[in-house]
Amino acid sequence: MNQEKDQVATKPKSRRGRGILRVIFIGLFALFALYTLSNLFSSDPSVGYFRSVEGRREYLEAYDEVMATMPPPSSIHDINTSWGTVRVYEWANANDSDATPVVLLPGRSSGVPMWQANLTGFSQEHTVYALDALGDAGKSLQTVPLDSNEDVGGWITETLDALGIERAHIVGHSFGGGNAANFAQRHPEQVQTLTLLEPAFALNYPSFSVLFWGTVAILEFLPESWRNYGLAQISGEAPSDVGSDDPLARMISAGSAYYSASLPTPETLTTEELSNLPMPVYVALAENSPLTDETDAKNAELIPGATVKIWANTTHSLPMEVADELASELTRFWNENE
C-alpha cells in the first residue's frame, strides 16, 4: 500500500471560483445525504422520474449547455439493459486504440456533464466512456426498479457487455465512487483498475451531523438562509457565498428539485471485501472534505497494493479543483496497469 499526502500547492483559484466548485459537489453530497436518510423510512423501490415537464426541461437545458462546452463525443450510445436504457458518451482515442478504455461513473444528480473539467485530460491517451447513471437524473431512462446493489452492478455490466468492453479502468466520484467500488467487488473480471475519487459510503459511512446538515441544505420548504447555513456547515464557505449561476450548478439544482430517484445506497465494503479486491486501486481523498476522513484512508490501506493519496488544499470537489494534476497522475496509473 502506498499512502502519501500531496503537499504540492495546487493552482490558485479565486474565492468565487472555489465557492462554485464547492457548491456543485457539496450539493451532490447533500443530495445523497437526504436520499440515505429517506431510505431508512422508505418502502419498496420504484422507478426514477422527473416530477414535471418543466423541471425536466430546466434540467436538460442546463445539461446541454454544459455538454456544449465539452469536446464533441465521437459516438453517443443508448444501451438497452434489463433495468432500462443507459445513455453513454464515447470519446474515442484513435492514437492508442489498443489501450484499455476508461469508464466514468458520476455522482448523484450530475450525469456526464460533471466531468467537464476532466474529460480532455482523461482522454489524452485512452478512449473514454461516460455514463449517465440509470435511475438518476440524466438522459438514461429507467424502466424497472433497482432493488439492490446487485441490480446496480447488473446494469453496469450489461452496458459494458453491449459496448464490447471486456475490461475497463473504472472511475467513480462520490456516489459514483461507491457504485464503482461495489461493482468492482462483484464483477472483478471486468475491472482492469479501480479509481475512487472521494467515494461515498464505500470506505466509511458518513457521520450523522454531515447527513443532517446536507439534508438541511436542500430542503426546499426551509428558508433560504437556513439552507445556506446548512450548506456552509459542510462546505466551509460563508452562507452569503454559496449561490451560483454556473450551468453545472443549475443542472444539479434542477436534478435535485425535479427528479425523484429510487436507488440503493452503495454498501460500505467489509474488511474482508477490501482485502480481497484483486485489481490495482487508486484512492483520491481530499484534505478538507466533509465526507471522507482518516477512517476512509485507514480502510483503504486494507486494499492490497492500493495507492491512497490525500490531496492537499482540496474539498469534496477534488476532481474539478485539481483536474490537470489528477489527469496526469491517473493516466500514469492506467498506463502502468494495462
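Going by the structure above, here's the rest.
Just so we're clear, the structure is a prediction, and the values are computed from it rather than from any experiment. Each chain carries its own residue numbering, running from 1 in the written order of its sequence. In view of the model being predicted, local features appear only for residues whose pLDDT reaches at least 70, and side-chain atom pairs are presented and counted only at 80 or more, with totals across whole chains, interfaces and linings using the full set of residues. The basis for every side-chain value is the complete set of heavy atoms in the structure, and neither hydrogens nor water enter the calculation.

A. Layout of the pattern of salt bridges. For this analysis, a salt bridge means a side-chain nitrogen from Lys or Arg found within 4 Å of a carboxyl oxygen belonging to Asp or Glu. Per the stated rule, a full pass over the model turns up seven salt bridges. In this structure, Arg87 and Asp78 form a salt bridge, with 2.7 Å as the shortest nitrogen-oxygen distance. Exposure categories follow from relative accessible area, calculated using a 1.4 Å probe and restricted to protein chains: below 20% of the type maximum is buried, above 50% is exposed, and the middle band is partly exposed. For Arg87, a relative accessible area of 15% puts it in the buried group. With a shortest N-O distance of 2.8 Å, Lys309 and Glu329 are connected by a salt bridge.

B. Spotlight on the pairing of strand 3 (residues 75-81). Only strands joined by at least two bridges in the DSSP assignment are considered to pair. Elements are defined by DSSP. Helices are runs of H or I of four residues or more, strands are runs of E of two residues or more, and each kind is numbered from the N terminus. Strand direction decides the pairing type here: strand 3 and strand 4 (residues 84-91), joined by seven bridges, are antiparallel. What sits directly across from Asn80, in strand 4, is Thr85. Taking the residues that link successive antiparallel strands as the turn, the strand 3-strand 4 hairpin has two residues.

C. Up close: helix 5 (residues 175-186). Helix length check: helix 5, at 12 residues, gives a terminal C-alpha distance of 17 Å against a target of 16 Å (1.5 Å per residue), a fit within 8%. For helix 5, the tally of buried residues reaches 10 of 12 residues, placing the bulk of the element in the interior. When helix 5 is considered as a whole, its buried residues turn out to be Phe175, Gly176, Gly177, Gly178, Asn179, Ala180, Ala181, Asn182, Phe183 and Ala184. Take the number of residues in a helix, subtract one, and multiply by 1.5 Å to get its expected span.

D. Examining unusual backbone geometry more closely. Look at Ser174: it is not a glycine, yet its phi comes out positive at around 55°. Relative to the elements of secondary structure, Ser174 occurs in the loop between strand 8 (168-173) and helix 5. Positive phi values are uncommon outside glycine, yet Phe201 reaches one of about 75°. If you trace the backbone, Phe201 turns up in the loop between strand 9 (191-197) and helix 6 (208-216).

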